[in-house]
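# Commentary on secondary and tertiary structure
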Amino acid sequence: MKTYQTIQPEVIVGLGEKTEFLEKEAPFLTVIKLHIQLEDWLGDDLMECHPCYIVTEKLKTGLQTTKFTGFEFSEMIVTKDEYFNDNYQLNKSLPEFYWMKIIGKQDFDDIIIGPEKSLLVDEELLNYLKKNFTLNYMDVNPERNEFDDLLDQMIAESKKNK
């Protein structure tokens with residue numbers, strides 16, 4: 001049985017207008033075409049734009065050369081928000097970004113989506129990520145806060161109203 005850690009990657013905002021969902025009415029949960037409208041990038045190789053995970057080409061290539069399981073990669077559309085150039089502070093060009101789809105099954109794969117929709121990784125994969133990639137803004141086993149409670153309440157209310 002695998003032991004997983006919860007990780008919270010760097011959060012980027014901005015699902016673009018070309019993002020498409022499987023659902024035709026709210027709540028929109030299943031992305032079938034991803035478009036990210038970047039407002040900034042802080043430099044991490046793993047990012048989250050709920051409900052999707054984005055990786056740099058460096059991380060994609062690194063994971064593809066390992067035995068780790070529970071993910072697949074897809075192309076996505078990336079555009080810069082009108083304020084991107086004002087916000088972007090790194091002295092390097094943007095890498096290629098890819099959509100990392102989490103397809104893992106608990107106790108079998110190294111990365112899965114947990115019961116509370118959190119990203120879970122096993123210890124070996126977590127150590128590999130920390131050792132080989134930039135993850136300055138990733139939290140491991142983050143504490144729940146008032147915002148998490150508010151989101152849970154909003155989701156529960158939207159399910160009641162269906």
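Above this text is the structure in question.
Residues numbered from 1 in each chain as written. Predicted model: local features only at pLDDT ≥ 70, side-chain atom pairs only at ≥ 80, totals over all residues. Heavy atoms only, no water.

### Let's talk about the packing of aromatic side chains
Throughout the structure, instances matching the rule amount to 6 aromatic pairs. When the ring of W41 is compared with that of Y88, the centres are 6.5 Å apart and the planes differ by 10 degrees; the resulting orientation is stacked. Placement of W41 in the loop between β5 (35-38) and β6 (46-49) and of Y88 in the loop between α2 (84-87) and β10 (97-102) is noted, with a sequence separation of 47 residues between them. On the basis of relative accessible area, W41 is assigned to the buried category, the value being 3%. Here the aromatic residues W41, F84, Y88 and F97 are joined through ring pairs into a cluster of three or more. (Phe/Tyr/Trp six-rings, centres within 6.5 Å; stacked < 30°, edge-to-face > 60°. Helix = DSSP H or I, 4+ residues; strand = E, 2+ residues; numbered from the N terminus. Buried < 20%, exposed > 50% of the residue type's maximum accessible area, 1.4 Å probe, protein only.)

### Notes on unusual backbone geometry
Residue P51 follows H50 across a cis peptide bond; omega there is 10 degrees. When you line up the elements, P51 lands in the loop between β6 and β7 (52-56). Backbone geometry at D107 places phi at a positive 70 degrees, although glycine is not the residue there. By the element assignment, D107 lies in the loop between β10 and β11 (111-113). Positive phi values are uncommon outside glycine, yet N141 reaches one of about 50 degrees. By the secondary structure assignment, N141 is in the loop between β13 (139-140) and α4 (146-160). N141 sits in the partly exposed class, given a relative accessible area of 39%.

### Considerations on the pattern of salt bridges
Inspection of every chain in the model, using the stated rule, returns 4 salt bridges. When the shortest N-O distance is used, the salt bridge between D122 and K2 registers 3.2 Å. With D122 in strand β12 (residues 119-122) and K2 in the segment before β1 (4-8), the pair connects residues that are 120 residues apart, well separated along the chain. Relative accessible area serves as the criterion here: at 26%, K2 is assigned to the partly exposed category. Residue E124 pairs with K67 through a salt bridge whose shortest N-O separation is 2.9 Å. A residue pair is termed long-range when its members are at least 10 positions apart, and E124 in helix α3 (residues 123-132) and K67 in the loop between α1 (57-64) and β8 (71-74) qualify at 57 residues. Exposure remark for E124: the relative accessible area of 44% places this residue in the partly exposed category. The exposure class assigned to K67 is exposed, which follows from its relative accessible area of 58%. Beyond isolated ion pairs, a larger network of salt bridges with shared partners links K2, D110 and D122. (Salt bridge = Lys/Arg side-chain N within 4 Å of Asp/Glu carboxyl O.)

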